[in-house]
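Per-entry structural report
Letter by letter, the chains look like this.
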Amino acid sequence: LWSVDLAEGYASPLVVGARVFTVETQDKKMEIVRAFDRETGKQLWETGWPGSMKVPFYAAKNGSWVRSTPASDGKTLFVGGMLDVLVALDVETGDERWRVDFPQSEDTPKPSFGFVCSPLLDDEHVFVQVGTALRKIRKSDGKTVWKVLEDERAMFGSAFSSPTRAKLAGRDQILVQTRMMLGGVDPQSGDVLWSTPVKAFRGMNILTPTPIGDRVFTASYGGGTFWFEVAKSDNGLGVAPLWNDELEGNMSSPVVIDGKVYLHGRDKRFHCIDPQAEKVLWSTNKKFGDYWSMVANDNRILALDDRGALFLIEADPTGFKLVDEVEISQRPTWAHLTVCGDKLYIRDLKGLSVYRWK
């Protein structure tokens with residue numbers, strides 16, 4: 001339907017009302033946020049701030065550009081900058097409402113891989129892993145209400161995973177994965193309700209943890225697949241490991257359909273896992289790219305490969321069933337695909353394109 005050129009970035013496009021928002025790293029100097037008209041692609045506003053860094057050499061193949069996908073409540077856009085800066089922008093105008101530079105304001109170390117986590121919102125607050133901790137931040141002024149699960153070591157201080165909200169063992173909680181552990185946090189008080197270590201090579205806990213009933217699925221680079229149960233205990237809530245398989249995750253968060261987990265693994269293959277039965281049901285022989293972003297609709301999965309291929313898959317526990325595929329871009333597509341109504345918003349490395357679903 002329309003497309004626009006952008007500078008490099010892996011942040012997913014965000015659709016809010018009649019607008020689409022993008023984030024990019026321009027000339028290795030500036031972080032730029034743009035707003036476009038959802039129907040026409042016309043740029044409505046643009047704003048930015050100085051912000052750039054170089055990731056360690058062993059991660060350089062994935063680039064040093066902005067990674068965190070922003071979040072919005074319809075009024076304010078919350079954007080994570082690579083140097084651990086959280087910025088709140090007015091959705092209508094792009095005017096800056098507030099900015100918090102955590103290394104500057106709290107003397108926290110600058111993250112080795114940049115600000116990666118994406119914010120989670122409720123009515124009045126932002127929950128996000130920034131400044132070496134999971135933080136509850138006021139939407140109105142950017143002030144930290146509480147911070148927990150702190151880790152200031154240079155190797156492990158920069159979390160990758162994004163928090164999600166779940167009700168486990170009857171308790172509302174923020175489910176979060178740090179570089180070293182998985183835990184549930186009370187959204188009001190910040191009390192850690194339960195936690196457990198998650199083995200990973202150099203803290204590569206990247207996936208968003210996936211709640212299924214009162215249990216949690218996750219997978220790590222160097223640690224394998226994990227299945228935990230959260231239950232009431234004499235001291236409140238406790239967690240117990242149920243199963244650990246050698247199948248490793250990488251960066252692709254899974255989708256769950258009819259209790260089965262569909263995961264793109266570190267081995268670049270696609271897998272179907274039955275966590276209740278504690279077994280991998282099938283794995284593809286074919287290898288794909290390094291990363292998939294996936295969305296599920298009923299029993300169909302739409303998967304965007306980082307090499308620009310878009311797959312439509314029928315979720316079937318008996319075997320891999322590819323319905324259709326199309327090349328959507330000739331440039332890397334690491335940003336998570338966005339589906340809104342009958343439209344697909346695809347952010348490749350240097351642009352945004354919008355397609356109509358037929």
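A short tour of the structure in this document, coming up. (Residues numbered from 1 in each chain as written. Predicted model: local features only at pLDDT ≥ 70, side-chain atom pairs only at ≥ 80, totals over all residues. Heavy atoms only, no water.)

1. Section: unusual backbone geometry
This is how it is decided: The numbering of helices and of strands both runs from the N terminus, where a helix is a DSSP run of H or I of at least 4 residues and a strand a run of E of at least 2.
Positive phi, normally seen in glycine, also occurs at Leu149, with a value near 55 degrees. Relative to the elements of secondary structure, Leu149 occurs in the loop between strand S13 (144-148) and strand S14 (164-168). Despite not being glycine, Arg202 shows a phi value in the positive range, around 50 degrees.

2. Some remarks on the sheet that holds strand S29 (residues 321-327)
Definition in use: Whether two strands pair depends on DSSP finding at least two bridges between them. Working convention: axes come from line fits to C-alpha atoms, limited for helices to the stretch in contact. Angles between N-to-C directions cover 0 to 180 degrees.
Judged by pairing direction, the sheet is antiparallel, and its four strands sit side by side in the order S26-S27-S28-S29 without closing on themselves. Two strands in the sheet have a free side with no partner beyond their single neighbour: strand S26 (292-297) and S29. Recorded for the sheet is a direction-independent mean angle of 20 degrees between the axes of neighbouring strands. Inspection of the sheet shows strand S27 (residues 300-305) paired to strand S28 (residues 309-314) by five bridges, in the antiparallel sense. Along S28, the bridge assignment pairs Ile301 with Ile313.

3. What about the sheet that holds S14?
As summarised here, the arrangement of the four strands in space is S14-S15-S16-S17, forming an open sheet in which the pairing is antiparallel. In the strand order of this sheet, the two ends are held by S14 and strand S17 (192-197), each with one partner. Across the sheet, the axes of successive neighbouring strands diverge by a mean angle of 25 degrees, strand direction being ignored. The sheet contact formed by strand S16 (residues 181-185) and S17 spans five bridges and is antiparallel. Bridge pairing in S17 links Leu182 to Thr196.

4. Digging into the pairing of strand S23 (residues 260-264)
Keep this limit in mind: Only protein chains enter the accessibility calculation, which uses a 1.4 Å probe; a residue is then buried when its area is under 20% of its type maximum, exposed when over 50%, and partly exposed in between.
Within S23, five of the five residues are buried, which leaves it mostly tucked inside the rest of the structure. With three bridges joining them, strand S22 (residues 255-257) and S23 adopt antiparallel strand pairing. Bridge pairing links Val255 to Tyr262 in S23. Taking the residues between adjacent antiparallel strands as the criterion, S22 and S23 are bridged by two residues, where Asp258 takes a positive phi near 55 degrees. Pairing of S23 with strand S24 (residues 270-274) involves four bridges; the strand directions are antiparallel. Each residue of the ladder has a partner; that of Tyr262, found in S24, is Cys272. Between the antiparallel neighbours S23 and S24 lie five residues, among them Lys268 with a positive phi of about 70 degrees.

5. Let's talk about the nonpolar core
Threshold: By nonpolar core we mean a set of buried residues, namely Ala, Val, Leu, Ile, Met, Phe, Trp, Tyr and Cys, connected to one another through side-chain atoms within 4.5 Å. In this analysis, two residues are considered to be in contact whenever any of their non-hydrogen atoms come within 4.5 Å of each other.
Ranked by size, the top nonpolar core spans 25 residues in total, and within it Phe21, Val33, Trp45, Leu77, Val79 and Leu89 carry the most contacts. Secondary structure elements with two or more residues in this core: strand S2 (14-16), strand S3 (19-26), strand S4 (30-37), strand S5 (43-50), strand S7 (76-81) and strand S8 (85-90). Examining the composition of this core, we find that three residues originate from one element, S8, more than from any other. Not counting the four nearest positions on each side in its chain, Val79 is found in contact with Val23, Val33, Trp49, Pro70, Val85, Leu86, Val87 and Leu89. Core analysis: the next-biggest nonpolar cluster, separate from the first, contains 15 residues, Met294, Ile301, Ala309 and Ile313 among them.

6. Some remarks on the packing of aromatic side chains
In plain terms, the rule: Stacked, tilted and edge-to-face are the three classes assigned to paired rings of Phe, Tyr and Trp, where Trp is represented by its six-membered ring and a pair needs centres within 6.5 Å; plane angles under 30 degrees give stacked, over 60 edge-to-face, the rest tilted. Throughout this description, the term charge over a ring refers to an Arg CZ or Lys NZ atom that lies within 6 Å of the ring centre and within 35 degrees of the ring normal.
Under the definition given, this model contains 20 aromatic pairs. Look at Phe226 and Phe228: their rings are 6.0 Å apart centre to centre, the planes differ by 5 degrees, and that puts the pair in the stacked class. A relative accessible area of 4% means that Phe228 is categorised as buried. The ring of Tyr221 is capped by Arg266, whose NZ or CZ atom sits 3.7 Å from the centre of that ring.

7. Description of the pairing of strand S32 (residues 351-356)
As paired strands, strand S1 (residues 2-5) and S32 are joined by four bridges and run antiparallel to one another. Its bridge partner being in S32, Ser3 is matched across the sheet by Ser353. Across six bridges, the pairing between strand S31 (residues 343-348) and S32 is antiparallel. Across the sheet, residue Ile346 finds its bridge partner in S32, namely Ser353. Hairpin remark: S31 followed by S32, antiparallel, with two residues in the connecting loop.

8. What to know about the environment of Leu242
Checked against the element boundaries, Leu242 lands in strand S21 (residues 236-245). Overall, the relative accessible area of 29% leaves Leu242 in the partly exposed class. Along the sequence, Leu242 and Glu278 sit 36 residues apart, while their C-alpha atoms lie 8.4 Å from each other. Not counting chain neighbours up to four residues away, the residues in contact with Leu242 comprise Arg215, Trp227, Phe228, Glu229 and Glu278.

9. Side note on the environment of His125
Considering the arrangement of structural elements, one finds His125 in strand S11 (residues 125-130). Residue His125 is classed as buried on the basis of its relative accessible area, which comes to 16%. C-alpha separation for the pair His125 and Lys143, spaced 18 residues apart in sequence, amounts to 9.7 Å. Residues contacting His125, with those up to four places away along its chain left out, are Leu120, Lys136, Ile137, Arg138, Lys139 and Val145.

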